[in-house]
Amino acid sequence: MPDILVSTSAWLLAAVLMAAAAVKFRDPLGTRRTLGEFGLPRPALLARVLPATEAATALLLVVDPRVGGQCAVALLVAFTTLIVGRLLAGHRDACGCFGTWSNRPLSWRDVARNSALIALGVVAALG
């Protein structure tokens, strides 16, 4: 796989993850509320751990795209599985994927977006 494709994929995905983390770091109370409304357990803990995990994954994508890509794919598959489960159960509450910045109702567009992000992670991981 061409190096430019691997590095571009890694950097794009890192930028998305860092943006998601930054918005959550900036509004921890809003993040906790959104995670709780989304039905996740221990939202106060997740409001601290989730953005740190996203930021660490973004950094890893820049430092070591292969390993970072693997971590990003695992993280995004987990997120996507959660979103699909919520949609199939009939829930349309906001996911908070980008903190309080993304408060629109959950939809299959979120699954499509995550699928595209997973593809970037796979390209980085296979580099």
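Definitions and cut-offs
- Residues numbered from 1 in each chain as written.
- Predicted model: local features only at pLDDT ≥ 70, side-chain atom pairs only at ≥ 80, totals over all residues.
- Heavy atoms only, no water.
- Helix = DSSP H or I, 4+ residues; strand = E, 2+ residues; numbered from the N terminus.
- Rg over C-alpha atoms; globule rule 2.2 N^0.38 Å.
- Core = buried A, V, L, I, M, F, W, Y, C linked by side-chain atoms within 4.5 Å.
- Buried < 20%, exposed > 50% of the residue type's maximum accessible area, 1.4 Å probe, protein only.
- Contact = heavy atoms within 4.5 Å.
- Expected span 1.5 Å × (residues − 1).
- Axes fitted to C-alpha atoms, helices over the stretch in contact; angles between N-to-C directions.
- Parallel < 35°, antiparallel > 145°, perpendicular 65-115°, else oblique.
- Left-handed = near helix turned anticlockwise from the far one by under 90°.
- Nonpolar A, V, L, I, M, F, W, Y, C, P; charged D, E, K, R; others polar.

Caption draft 1: Expanded view of the overall build of the chain. Looking only at helices and strands, one finds five helices and one strand in the chain. Secondary structure elements of the chain, listed N to C terminal, follow the sequence α-α-α-α-β-α. Its C-alpha atoms give the chain a radius of gyration of 14 Å, near enough to 14 Å, the size a compact globule of 127 residues would have. Here the C-alpha coordinates of the chain stretch approximately 40 × 30 × 20 Å along the principal axes.

Caption draft 2: Representation of the nonpolar core. In terms of nonpolar packing, the biggest core is built from 12 residues, these being Ala 10, Leu 13, Ala 14, Leu 17, Ala 58, Leu 61, Ala 72, Val 73, Leu 76, Leu 117, Ile 118 and Ala 124. Counting residues per element, the ones that place at least two in this core are helix H1 (3-26), helix H3 (43-63), helix H4 (65-88) and helix H5 (108-126). Examining the composition of this core, we find that four residues originate from one element, H1, more than from any other. Discounting residues that sit within four places of it in the chain, Leu 13 has contacts with Leu 61, Ala 72, Leu 76, Leu 117, Leu 120 and Gly 121. With nine residues, the next largest nonpolar core counts Phe 38, Leu 87, Cys 95 and Cys 97 among its residues.

Caption draft 3: Geometry of H1. For H1, built from 24 residues, the straight-helix expectation of 34 Å at 1.5 Å per residue is met to within 8% by its first-to-last C-alpha distance of 34 Å. Taken together, the buried positions of H1 are occupied by Val 6, Ser 9, Ala 10, Leu 13, Ala 14, Leu 17, Ala 20, Ala 21, Val 23 and Lys 24.

Caption draft 4: Geometry of H4. Taking 1.5 Å of rise per residue, 24 residues should cover 34 Å, and H4 covers 33 Å from first to last C-alpha, within 8% of that figure. Within the span of H4, buried status applies to Gly 68, Gly 69, Ala 72, Val 73, Leu 75, Leu 76, Thr 80, Ile 83, Arg 86 and Leu 87.

Caption draft 5: How the structure looks around the packing of helix H2 (residues 28-37) against H3. For the pair H2 and H3, the least separation of the axes is 8 Å and the interaxial angle reads 120°. Classified by the angle their axes make, H2 and H3 are oblique. Here H2 runs over H3; the crossing is right-handed. Contact with H2, carried on its side by Pro 28, Thr 31, Arg 32, Leu 35 and Gly 36, involves Pro 43, Ala 44, Leu 46, Ala 47 and Leu 50 of H3 and no other residues of that element. Residues of the contact of H2 with H3, tallied by class, amount to seven nonpolar, two polar and one charged.

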